[in-house]
Amino acid sequence: MSSLLKVDNEIKTKVDAFRERITSEAEDLVANFFPKKLLELDHFLKDPIINITELKEIHSEINLTVPDPILLSNLHDGLEAQNAKKRKLEDGGGEDMVTGTKVFVMPGGMMKSNGNLVDLIEKVKPEIRTLIEKCNTVKMWVQLLIPRIEDGNNFGVSIQEETVAELRTVEGEAASYLDQISRYYITRAKLVSKIAKYPHVEDYRRTVTEIDEKEYISLKIIVSELRNQYVTLHDMILKNIEKIKRPRSSNTDALY
């Protein structure tokens, strides 16, 4: 078969070395790293930082004061103000009288993020990245073990393909956790901007605390899911390791 395609010996040697390195690394991941990491994450789930029962403890103060009310002097009374505003809305001309507060600079300098959640996110993000990288290595190892396509005796190959599909699913789910964190920051930033423009609207302030609490709960769920994914992958690969490493049996040799 090798005569059908000429491969440079030096390149072939390097490719073989790469395959051996991937094999050695992946087998160590499955046998040692996965069980250690799942125990580590299980211990992390018992940490007080991620088991706060009173969610008020993770709230962050928003130092934006409510400005004094502005009296409109260009209109004589409330009735005339309402009629003028109604006419503008009906005619489609002019701007709404309530335009919010123009924000040129934050009174206290930069409006900081929720420090409690930032600290927790910085601990969770490396765990997400690690799972993605390790899954990619194990996935490559299993793919390299898939034999050439033949008719029949493909039960072991189907197990390899199922394993690759599961690893790919875990990768995708872990990547979605990173997207979730980014969406949290973007959503919170928009709400804080709304508070700066409309500091007299209490609902915006309450919404910020609500999404902070939601993100805290989501981060705990993420850590739990990371642990569960290590458990599932470790268990699945160990149970099927024989078929994964030797997908096609050699029972036909025993017939002769």
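The structure displayed is predicted, hence computed values, not measured ones. (Residues numbered from 1 in each chain as written. Predicted model: local features only at pLDDT ≥ 70, side-chain atom pairs only at ≥ 80, totals over all residues. Heavy atoms only, no water.)

Caption draft 1: Layout of the overall build of the chain. Within the chain, the regular secondary structure consists of six helices and zero strands. Shown N-terminal to C-terminal, the secondary structure of the chain runs as helices and strands in the order α-α-α-α-α-α. The proportion of buried residues among the 256 residues of the chain is 29%. Here the analysis covers contacts within the chain between residues at least 6 apart in sequence; of these, 86% occur between residues at least 24 apart. When the accessible surface of the chain is summed, it comes to about 17,400 Å², and 54% of that surface belongs to carbon and sulfur atoms. (Helix = DSSP H or I, 4+ residues; strand = E, 2+ residues; numbered from the N terminus. Buried < 20%, exposed > 50% of the residue type's maximum accessible area, 1.4 Å probe, protein only. Contact = heavy atoms within 4.5 Å. Areas by Shrake-Rupley, 256 points an atom, 1.4 Å probe, with all protein chains shown as cover.)

Caption draft 2: Main features of helix H1 (residues 9–44). The end-to-end C-alpha distance of H1 is 49 Å, a good match for the 52 Å that 36 residues give at a rise of 1.5 Å each. Most pronounced at Leu29, the bend in H1 amounts to some 45°. Taken residue by residue, H1 has Ile22, Ala26, Leu29, Val30, Phe34, Pro35, Lys37, Leu38, Leu41 and Phe44 as its buried positions. Here the buried face of H1 lies against helix H3 (115–145) and helix H5 (202–239). A distance of 2.9 Å separates the backbone nitrogen of Glu10 from a side-chain oxygen at the start of H1, and that oxygen is part of Asp8. (Expected span 1.5 Å × (residues − 1). Bend = angle between axes of the 7 residues up to and from the residue. Polar contact = N/O pair within 3.5 Å; in protein donor to acceptor, adjacent residues only side chain to side chain.)

Caption draft 3: Molecular detail of the pattern of salt bridges. Tallying each qualifying case throughout the model produces 13 salt bridges. When the shortest N-O distance is used, the salt bridge between Lys14 and Glu10 registers 3.7 Å. Residue Lys14 and its partner Glu10 are located together in helix H1, separated by four residues, close to a single helical turn. Looking at Lys14, the relative accessible area reads 56%, which means it is exposed. Each of Lys37, Glu40 and Glu127 takes part in a single network of salt bridges with overlapping partners. (Salt bridge = Lys/Arg side-chain N within 4 Å of Asp/Glu carboxyl O.)

Caption draft 4: Structural detail: the environment of Asn116. Turning to its location among the elements, Asn116 is positioned in helix H3. Each C-alpha atom of the pair Asn116 and Ser60 lies 8.0 Å from the other, and the pair is 56 residues apart in sequence. If we ignore the near neighbours within four places in the chain, the residues touching Asn116 are Glu57, Ile58 and His59. A distance of 3.3 Å separates a polar atom in the side chain of Asn116 from the backbone oxygen of Glu57.

Caption draft 5: Layout of the nonpolar core. The biggest cluster of nonpolar side chains holds 46 residues, and the ones touching the most others in it are Val124, Ile128, Val138, Trp141 and Leu219. Only H1, H3, helix H4 (155–197) and H5 provide two or more residues apiece to this core. A per-element tally of this core places H4 first, with eleven residues. Among all residues touching Ile128, those that are not within four sequence positions of it are Ala174, Tyr177, Leu178, Ile181, Ile222 and Leu226. (Core = buried A, V, L, I, M, F, W, Y, C linked by side-chain atoms within 4.5 Å.)

Caption draft 6: A look at the packing of H4 against H5. Closest axis-to-axis distance for the H4/H5 pair is 11 Å, and the angle between their directions is 170°. Accordingly, the angle class assigned to the pair H4 and H5 is roughly antiparallel. The residue inventory of the contact of H4 with H5, partitioned by class, reads 16 nonpolar, seven polar and nine charged. (Axes fitted to C-alpha atoms, helices over the stretch in contact; angles between N-to-C directions. Parallel < 35°, antiparallel > 145°, perpendicular 65-115°, else oblique. Nonpolar A, V, L, I, M, F, W, Y, C, P; charged D, E, K, R; others polar.)

Caption draft 7: Seen up close, the environment of Arg205. With respect to the secondary-structure elements, Arg205 resides in helix H5. Taking C-alpha positions, Arg205 is 7.9 Å from Leu191, a pair spaced 14 residues apart along the chain. Apart from the residues lying within four places of it in its own chain, the contact partners of Arg205 are Ile62, Leu64, Thr65, Val66, Ile195 and Pro199.

Caption draft 8: Main features of the confidence of the model for the chain. Model confidence for the chain is summarised by a mean pLDDT of 84, while 79% of its residues fall at 70 or above. Below pLDDT 50 for its whole length, residues 252–256 participates in zero contacts with residues either more than four positions away or in separate chains. (pLDDT = per-residue confidence, 0-100.)

Caption draft 9: How the structure looks around the side chain of Thr130. By secondary structure assignment, the location of Thr130 is in helix H3. In this structure the side chain of Thr130 is engaged in a polar contact, spanning 2.8 Å, whose partner is the backbone oxygen of Pro126. Sequence-distant contacts of Thr130, that is, excluding residues within four places in its chain, are made with Phe33 and Tyr230.

Caption draft 10: Quick peek at H3. When the terminal C-alpha atoms of H3 are compared, their 46 Å separation across 31 residues agrees well with the 45 Å that a helix rising 1.5 Å per residue should span. If you check the start of H3, you find a side-chain oxygen 3.1 Å away from the backbone N of Asn116, and it comes from Asn114.

Caption draft 11: Focus on the packing of aromatic side chains. Tallying each qualifying case throughout the model produces five aromatic pairs. Centre to centre, the rings of Tyr184 and Tyr185 are 5.4 Å apart; their planes meet at 50°, and the pair counts as tilted. Tyr184 gets classed as buried once you look at its relative accessible area, which sits at 6%. Aromatic ring contacts, followed pair by pair, group Phe33, Phe34 and Tyr230 into a single cluster. Above the ring of Phe33, the side-chain terminus of Lys134 is found at 5.3 Å from the ring centroid. (Phe/Tyr/Trp six-rings, centres within 6.5 Å; stacked < 30°, edge-to-face > 60°. Lys NZ or Arg CZ within 6 Å of the ring centre and 35° of its normal.)

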